[in-house]
Amino acid sequence: MAVLKDLQPGKVFHFFEEMSNIPRTSGNEKMISDWLVRFAKDRNLEVHQDEALNVIIKKPGTSGYEKSSAVIIQGHMDMVGEKATESNHNFLNDPLKLRVIDDYVYATDTTLGGDDGIAVAYGLALLDSSDIPHPPIELLVTTNEETGMDGAANLDASSLTGKTLINIDAEEEGIFLVSCAGGITSTVSFQPDYEKYQGEAFKISITGLKGGHSGIEIIKQRANSVKLLGRLLYKLSEECDLRLVSLSGGSKHNAISREAEAHIAILSEDYTKLNETVNIMADAFRNEYSVEDPDIKIQVASSKADKIMTKKSTENIISYMVTVPDGVQTMSKEIEGLVVSSLNLGVLEELNGKVQFTHAIRSSVKSLKFEIMVRIRAIADLCSGTVQMFSDYPEWQYESDSKVRKAAVETYSKLYGKEPEIQAIHAGLECGLLKEKLPEADMISFGPNLYNVHTPSEHMSISSVARTWDFLVALLKNLK
């Protein structure tokens, strides 16, 4: 029995429920991709399926729109598969168990897949319609967005002709996204030398920081524990004969580091200086971050040292920690409050006998991304470190003159009597990769209200889906 059969808009929720019966977690998209192809063929619509299983379905414009430029409607078919601890749901085989509570659609003990099944449902409802005026439509449904945007990266875009692209992968109604950051990951490694050293070993721990997402929350300028540790070690090296033993900090390259620690060795007569310096720096850090991170703690405890780094290796690593930039680098001059470029020193670890730093670099302007890369490389060279760059993905740069943004704002304002909010995000979207494939495309991103995405508590507002549908239909009518 269909759970969503009485919800409106009927076609949208019908196709959303149809998709919910098909397992479609990232990397397991063959069934849903083939289902989309069958949908198109059953309606005699032109369809293309590429090697990455991306699907493009085309529908001609309706009466009066036959000669209008095509509009690309875009979303991704895959979903994140997370379930409650007690659930025995098998994402490879089982359909989702949908339920309706008040204004919301949930799945039972699993993610819902509103991200981004609702975009596909909107597109299918348009393709299946006979009474909605619209330009030629090219529905583009990509694969594997959630685990690396591989579908968009490997898209065969040769059959796409549209110069306007509507990405429906945002999660707050009334907010239009117009730019996103590109990024690259950088690792800097040091191969330390070791020597005999007659000193006492101690562990210095920095804890109590809030951390956060290195894209969205980098603007909050919270403390980075690895950078604080670098400052503390540099100050200690000025006060006493310091040697490094080992270092660690952070857990993910795209998260602001919350904790870090260093095992060090000093001469016994420098113990008093160690405690004095730690207290001085702890007071300085708490003062500097009294608003963002008021609970910073620094603790010192006795430790053991099997191998102790040479003075030169110690100096090189500490110099890198102090000198390498971190946090917000440039702000937008066009959109107030938008971070244009940043980097985050997310992980400090010992790996295969080396001390390795991992940075997440983000920028919505390509040249600034490479400028940060150059700075990291130059500083690493000066400190005898080795640099590697990988996982490069492109940005979607803000366009001051966007016809689709203007049409969307006018349509929304007329429909709801208020202007939408225009935002750019300092994180990645498929729009960045699609802009590389379709450089002439004018893009915008929006969507209905989704909550707790990527968790078993994910839910979607029924009324917001309806309002966003009304807006999408009105926008297409105005894109003649």
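Read on for a plain summary of the structure. In this text, all values refer to a predicted model and were calculated from it rather than measured experimentally. (Residues numbered from 1 in each chain as written. Predicted model: local features only at pLDDT ≥ 70, side-chain atom pairs only at ≥ 80, totals over all residues. Heavy atoms only, no water.)

**Some words on the layout of surface pockets**
- A volume near 1,500 Å³ is recorded for the largest pocket.
- Along its surface, the largest pocket is lined by 46 residues, and His213, Ile216, Ile425, Ala427 and Gly428 are the ones closest to its centre.
- Sorting the residues of the lining of the largest pocket by element identifies β8 (175-180), β9 (182-190), β20 (354-363), β21 (386-393) and β22 (421-425) as the ones contributing at least two each.
- Of the residues assigned to the lining of the largest pocket, the class counts are 22 nonpolar, 14 polar and 10 charged.
- Put simply, the second largest pocket is a space of about 310 Å³. (1 Å grid on protein atoms, 1.4 Å probe; cavity = no way out; pocket = protein on both sides within 12 Å on 5 of 7 lines; lining within 4 Å. Points joined across faces, edges and corners; volume = space filled by probe spheres on them. Helix = DSSP H or I, 4+ residues; strand = E, 2+ residues; numbered from the N terminus. Nonpolar A, V, L, I, M, F, W, Y, C, P; charged D, E, K, R; others polar.)

**Details of the pattern of salt bridges**
- If you walk through the whole model with that rule in mind, you get 18 salt bridges.
- One salt bridge in this structure joins Arg243 and Glu195, with 3.0 Å as the shortest N-O distance. With Arg243 in strand β13 (residues 243-249) and Glu195 in strand β10 (residues 194-195), this residue pair connects regions lying 48 residues apart in the sequence.
- For the salt bridge of Lys369 with Asp392, the shortest nitrogen-to-oxygen distance reads 2.6 Å. With a gap of 23 residues between them, Lys369 in helix α8 (residues 366-382) and Asp392 in strand β21 connect regions that are remote in the sequence.
- Judged by its relative accessible area of 2%, Lys369 falls in the buried class.
- The network of salt bridges with shared partners includes Glu195, Asp241, Arg243, Lys311 and Glu315. (Salt bridge = Lys/Arg side-chain N within 4 Å of Asp/Glu carboxyl O. Buried < 20%, exposed > 50% of the residue type's maximum accessible area, 1.4 Å probe, protein only.)

**Some thoughts on the environment of Gly432**
- With respect to the helices and strands, Gly432 occurs in helix α10 (residues 430-437).
- Taking the C-alpha atoms as reference points, Gly432 and Ala181, separated by 251 residues in sequence, lie 7.7 Å from one another.
- Aside from chain neighbours lying at most four places away, what touches Gly432 is Cys180, Pro394, Glu395 and Trp396. (Contact = heavy atoms within 4.5 Å.)

**Remarks on the sheet that holds strand β25 (residues 459-461)**
- The strand order β4-β5-β25-β24 describes an open sheet built from four strands, whose pairing is antiparallel. The open sheet has two edge strands with one neighbour each: β4 (98-101) and β24 (450-451).
- As defined by bridge partners, β4 adjoins strand β5 (residues 104-107) across four bridges and the pair is classed as antiparallel. Along β5, the bridge assignment pairs Val100 with Val105.
- Here helix α11 (residues 462-478) sits on the sheet and contacts β4, β5 and β25; the angle it forms with β25, its principal contact strand, is near 55°. (Pairing = 2+ DSSP bridges. Axes fitted to C-alpha atoms, helices over the stretch in contact; angles between N-to-C directions.)

**Describing the side chain of Ser257**
- Relative to the assigned elements, Ser257 resides in the loop between β14 (255-256) and β15 (260-266).
- A polar side-chain atom of Ser257 sits 3.3 Å from the main-chain carbonyl oxygen of Glu259.
- Setting aside anything within four residues of it in sequence, one finds Ser257 in contact with Leu209, Ala223, Asn224, Ser225, Val226, Gly249, Gly250, Leu345 and Gly346. (Polar contact = N/O pair within 3.5 Å; in protein donor to acceptor, adjacent residues only side chain to side chain.)

**Notes on the nonpolar core**
- Of all hydrophobic cores here, the largest spans 62 residues; its most connected members are Ile73, Ile166 and Leu472.
- The greatest single-element share of this core, amounting to nine residues, is contributed by helix α3 (residues 114-127).
- Every residue in contact with Ile73, bar those within four places of it in the chain, is listed here: Leu126, Ile137, Glu138, Leu139, Leu140, Ile166, Ile168, Leu472 and Leu476.
- If you look at the next biggest cluster of nonpolar residues, it comprises 49 residues, including Leu228, Leu233, Leu247 and Met281. (Core = buried A, V, L, I, M, F, W, Y, C linked by side-chain atoms within 4.5 Å.)

**Digging into the packing of helix α9 (residues 403-416) against α11**
- Packing of α9 against α11 brings their axes to within 9 Å, and their N-to-C directions diverge by 125°. The orientation of α9 with respect to α11, classified from their angle, is oblique. Like other packed secondary-structure pairs, α9 and α11 cross with a definite hand, here right-handed. The residues of α11 that touch α9, namely those facing Ala407, Ala408, Thr411, Tyr412, Leu415 and Tyr416, are Arg467, Thr468, Asp470, Phe471, Ala474, Leu475 and Asn478.
- Residues of the contact of α9 with α11, tallied by class, amount to eight nonpolar, three polar and two charged. (Parallel < 35°, antiparallel > 145°, perpendicular 65-115°, else oblique. Left-handed = near helix turned anticlockwise from the far one by under 90°.)

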